[in-house]
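Structural overview for review
Residues per chain are reported as follows:
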Amino acid sequence: MGKVEEYLLTTRKKKGALLFVLIDSEVSKLQESIKLAQDVEKIGAGAILVGGSSAIDQLEMAEVVKNLKKSVKIPIILFPGNVTGVVPAADAILFSSLMNSENPYYITQAQALGAPSVLKFGLEPLPTAYIIIGEGTTAWFVGAAKGIPFDKPNIAAAYCLAAQFLGMRFVYLEAGSGAKESIRPEMVATVRKLFNGFLIIGGGIRDAKTAAELVKAGADALVIGTMLEKEKDSLTKLSEIANSIKNLN
Ligand code: 1GP
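What this report covers is the structure whose coordinates are included nearby. Per-chain numbering applies: the sequence of each chain, read as written, is numbered from 1 onward. Whole-chain, interface and lining totals are the exception, using all residues; otherwise, since this is a predicted model, local features are given only for residues with pLDDT of at least 70 and side-chain atom pairs are given and counted only at 80 or more. Excluding hydrogens and water, the side-chain figures rest on all heavy atoms present in the structure.

**So, unusual backbone geometry**
The backbone of Ala89 shows a phi angle near 80°, a positive value even though the residue is not glycine. A run of H or I in DSSP becomes a helix once it reaches four residues, and a run of E becomes a strand once it reaches two; helices and strands are each numbered from the N terminus. Inspection of the secondary structure puts Ala89 in the loop between strand S3 (76-80) and strand S4 (92-98). We classify Ala89 as partly exposed; its relative accessible area is 32%. Non-glycine residue Ala144 carries a positive phi angle of around 45°. Relative accessibility under 20% of the residue-type maximum defines a buried residue, over 50% an exposed one, and the middle range a partly exposed one, all with a 1.4 Å probe and only protein chains included.

**Remarks on the site of the ligand**
We call a residue near a molecule or strand whenever a single non-hydrogen atom of that residue lies within 4 Å of it. In the region of the ligand, 14 residues are neighbours, and Glu174, Ser177, Gly178, Gly204 and Thr226 sit closest. Pairing of N or O atoms within 3.5 Å defines a polar contact, subject to two protein rules: one partner must be a possible hydrogen donor and the other a possible acceptor, and residues neighboring in sequence count only if both atoms are side-chain atoms. Within the side chain of Ser177, an N or O atom sits 2.7 Å from an oxygen atom of the ligand. Between the ligand and Gly178, the relevant distance is 2.7 Å, taken from an oxygen atom to a main-chain nitrogen or oxygen of the residue. Residue exposure ignores everything except the shown protein chains as possible cover, and the areas themselves are Shrake-Rupley values with a 1.4 Å probe. Across the complex, the protein chains shield 97% of the 310 Å² of accessible surface that the ligand would expose by itself. Within the residue set of the shell around the ligand, elements represented by two or more residues are strand S6 (170-174) and strand S8 (221-224). Nonpolar residues are Ala, Val, Leu, Ile, Met, Phe, Trp, Tyr, Cys and Pro. Charged residues are Asp, Glu, Lys and Arg, and all others, Gly as well, are polar. By residue class, the composition of the shell around the ligand is five nonpolar, eight polar and one charged.

**Digging into the side chain of Ser96**
Mapped onto the fold, Ser96 is located in strand S4. Within polar-contact distance, the side chain of Ser96 engages the backbone oxygen of Leu94 at 2.9 Å. Any pair of residues with heavy atoms lying within 4.5 Å of one another is described as a contacting pair. Residues contacting Ser96, with those up to four places away along its chain left out, are Gln111, Thr128 and Tyr130.

**With respect to the environment of Gly147**
Mapped onto the fold, Gly147 is located in the loop between helix H5 (138-142) and helix H6 (153-165). On the basis of relative accessibility, which here comes to 16%, the residue Gly147 falls in the buried class. Each C-alpha atom of the pair Gly147 and Ile133 lies 4.9 Å from the other, and the pair is 14 residues apart in sequence. Beyond its immediate stretch of four places on either side in the chain, Gly147 contacts Asn100, Ile132, Gly134 and Trp140.

**Thoughts on the pattern of salt bridges**
Salt-bridge detection follows one rule: a side-chain nitrogen of Lys or Arg within 4 Å of a carboxyl oxygen of Asp or Glu. On inspection of all chains with the given rule, the structure shows nine salt bridges. A salt bridge links Arg184 to Glu181; the nearest nitrogen and oxygen atoms lie 2.5 Å apart. Taking the relative accessible area as the measure of exposure, Glu181 reaches 28% and is therefore partly exposed. Shared partners join several salt bridges into a network, and the residues in it are Arg12, Arg192 and Asp220.

**Some points on the packing of helix H8 (residues 208-217) against helix H10 (residues 234-245)**
Every axis corresponds to a line fitted to the C-alpha atoms, with the helix fit spanning only the stretch in contact, and the corresponding angles, defined between N-to-C directions, vary from 0 to 180 degrees. It is the contact of H8 with H10, at a shortest axis distance of 8 Å, that shows an interaxial angle of 30°. Taken as axis vectors, H8 and H10 run roughly parallel relative to one another. You can see that H8 and H10 cross each other, and the crossing is right-handed. The residues of H10 that touch H8, namely those facing Ala208, Ala211, Ala212 and Val215, are Glu240, Ile241, Ser244 and Ile245. A breakdown of the residues in the contact of H8 with H10 according to their chemical character gives six nonpolar, one polar and one charged. Any angle that falls under 35 degrees is termed roughly parallel, while one over 145 is termed roughly antiparallel, one within 65 to 115 roughly perpendicular, and all others oblique. Here a crossing is taken to be left-handed if its near helix is turned anticlockwise relative to the far helix by less than a right angle, and right-handed if that turn runs clockwise.

Here it is, written out as structure tokens:
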């Protein structure tokens, strides 16, 4: 097990569920991204994810990652939507297979194309099953996903069990960036009963109540992106979310 994985598991055990903040290098300018990372670190974010399903500018992303790495102590974890999302200087990468894609490119081919760069850059691969819930988001469209309906927790649980049997230690249940609806706590609870690994939940999480419900249901980490880009007083809201999930389990 690598350093980042050990840090995530230890932090989860000692301090409760983690908050991951997603920075899209194409949405925010470099200085804004650095400031955001520093602010969210102060609030208690456990890691910064860099990526997004439409990220195409590899040079820009490499520059953002390099600078973020110098600016904060929490791990910088790549969250690539394609091989272009594999850049140097990060601590780790969500080395993901989009389990419910209908296009094999997103299940194994992009992974094969990106793996040599992961090795070359010395990135810690976190073996992750990426599973898209619902429809209509960029991740759903770009990844050609057969979105699992929000009200079908057993289907999600079956995918997570399959991921576990395949040796993946992380699952990321994704409603999609800016999703109107976030993953439901019922789905998280159903998955939690079967999946023993690290469970990441993201997409459409904007408030403390939802965050607390998801953690109570069994999430190990929540990903917040759009709320920080779009809402006023977003850092205050992030603090509320951080407080709401403290000491929950
Ligand atoms: C997207 O799950 C992440 O990949 C974050 O979603 O932008 O809706 O917070 P939001």
